[in-house]
Amino acid sequence: MTIDHSSLFIGSQWTTPSSSERITVRSATTEQIIGSVPEAAPADVDAAVATARRAFDDPRGWSNWDPSRRAEILDRFADEYTSRSEEIFTAVSQQNGMPISIARQLEAFPPVLMRYYADLIRKQPAEEVRDGVFVTTATVQRRPVGVVAAIVPWNVPQTLTATKLAPALAAGCTIVIKPSPETVLDAFLLAEAAQAAGVPDGVLSIVPGGRDLGAYLVSHKDVDKVAFTGSTGGGRAVAQACATLLRPVSLELGGKSAAIVLDDADLDLQKVGQSMFAATLANNGQVCFLGTRVLAPRTRYDEVVDTFANIITSAPVGDSLDADTLIGPMASATQRERVSGYIERGIHDGARVVVGGSGTPEGIDRGWFVKPTLFADLDNNAVVAREEIFGPVLSVIAYDNDDDAIRIANDSDYGLGGTVWSSDPSRAMAVAGAVESGTVGINGYIPDPAAPFGGVKASGIGREFGPEGLAAYQQLKSIYQFG
Ligand code: NAD
């Protein structure tokens, strides 16, 4: 499948780009060109923000519509996404190497989120009247925050767009989205779905470009809020720009989560193999919340190492579009170099290579592949145990007892995801509660749209999903009434 476009989607309409620069995208598996689209220039960002501002400020426009009308558009948007979903999954899989079977799960969130927030905004009262302490009544109103700049990474591009788009539209905001250049083709399919759903003029723009364009958008004078998902380094730069402007910002950043295997965990691969794979290696390790530090009780260390060795060796590596593939290539040549560098570093620092190692998988001579790798006999101070690798590389670290496991899990700059594996629900809950992280799964992991998702420490600020995700796109205003 190839996707080529000559127009940009600005203010919910196809428009002529202001520059002739283009972004060319290659397949992560074949390295062949699979499409090209216009690259937005600062002038296109100016146009996108201006039209978003006008649409937002219109007294009879989107932000002032009855919420049920916006909910109807979101429901239609969900239908239009669903009718294009196979095309979208294929585009994502080709671009970033996400196995197609995993794309059908990880990139299926957008219609779920659109319907979830449509439902929530239908039910949410626009205002609440409270008895005052000093005044007769205080009326607390919820208003949309304004023009949103949304910056998204390449690893799960559609779902990470929808975590911002769906609540922002439900709240009544207008939005300018900057996708990553690595995964820009699927953004054009999203634009087609938006247009077919009848998203009104000005409400949605998509400006493809790199980090300089992102920085330009973040600091644009007419933006009211920034929502960023990406690396911790990128997040710090965005936060600094927003601090100077006193502009609200939410940050979903990197992770180095722990998969804590308690000594009573069931390690029967038939029962837990699939969920352990999903929680530690999904999308070729290119997911922020994965538990890439496997913490194993010293008494069962070898058993845990064997379990993860089996999980890795039984996962077919290959073309991301092959239905049987469970581990595909890295998203780009740069990402492959980065991950390969970490594998070399682990070997250099003396970790034992149980599976994988340096070089490319046997029989594969093109595409941005690395060997899925399992390291053992290392401690939590090793570079590969501390830094986010963002590839199919796991480290198994031994611990002495539950308190020691919690100590090691929390000895990290990050705090985003993680799991606890145990056959005792109350013991697992106690350990999960003690882990310093925004989210933890027990015997499995998947972010749930109903519950807030986000990080602590260097993993970010703010929450997406749930009613909290909607609140991030709303302002509260209190009106004090006397007499
Ligand atoms: P990245 O930070 O390089 O880029 C992310 C996006 O931000 C891209 O669109 C990029 O162009 C833009 N960008 C980068 N620097 C910017 C700046 N200074 N100003 C404005 N825009 C800027 O990250 P990446 O390599 O594309 O994505 C992988 C990272 O994203 C990993 O660290 C991963 O953990 C993180 N991530 C976090 C979550 C989460 O929910 N916490 C989810 C997915 C990915």
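Here is a short report on the structure shown in this document.

Definitions and cut-offs
- Residues numbered from 1 in each chain as written.
- Predicted model: local features only at pLDDT ≥ 70, side-chain atom pairs only at ≥ 80, totals over all residues.
- Heavy atoms only, no water.
- Near = heavy atom within 4 Å.
- Polar contact = N/O pair within 3.5 Å; in protein donor to acceptor, adjacent residues only side chain to side chain.
- Helix = DSSP H or I, 4+ residues; strand = E, 2+ residues; numbered from the N terminus.
- Domains from an automatic or database assignment.
- Buried < 20%, exposed > 50% of the residue type's maximum accessible area, 1.4 Å probe, protein only.
- Contact = heavy atoms within 4.5 Å.
- Pairing = 2+ DSSP bridges.

Close contacts around the ligand come from 27 residues, with V152, R211, S231, L253 and E388 the closest. Within the contact set of the ligand, a nitrogen atom lies 2.7 Å away from a backbone nitrogen or oxygen of L253. Counting only elements with at least two residues in the shell around the ligand, the list comes to α8 (211–218), β11 (225–229) and α9 (232–245). Composition of the shell around the ligand by domain shows at least three residues from each of domain 1 (3–253 + 458–481) and domain 2 (258–448).

This paragraph deals with the environment of G11. With respect to the helices, strands and loops of the structure, G11 is situated in the loop between β2 (8–10) and β3 (13–15). A relative accessible area of 4% means that G11 is categorised as buried. As for G11 and L204, which are separated by 193 residues in sequence, their C-alpha atoms are 5.3 Å apart. Once residues within four sequence positions are removed from consideration, G11 is found in contact with T51, D201, G202, L204 and S205.

Another point: the sheet that holds strand β15 (residues 352–357). Taking strand neighbours across the sheet as the criterion, the 7 strands line up as β15-β16-β17-β14-β13-β19-β20 in an open arrangement whose pairing is mixed. What marks the edges here is a single partner per strand, and that holds for β15 and β20 (441–442). Direction of pairing for strand β16 (residues 371–376) relative to strand β17 (residues 393–399): parallel, over a ladder of 3 bridges. Within β17, the residue paired with F375 across the bridge is S395.

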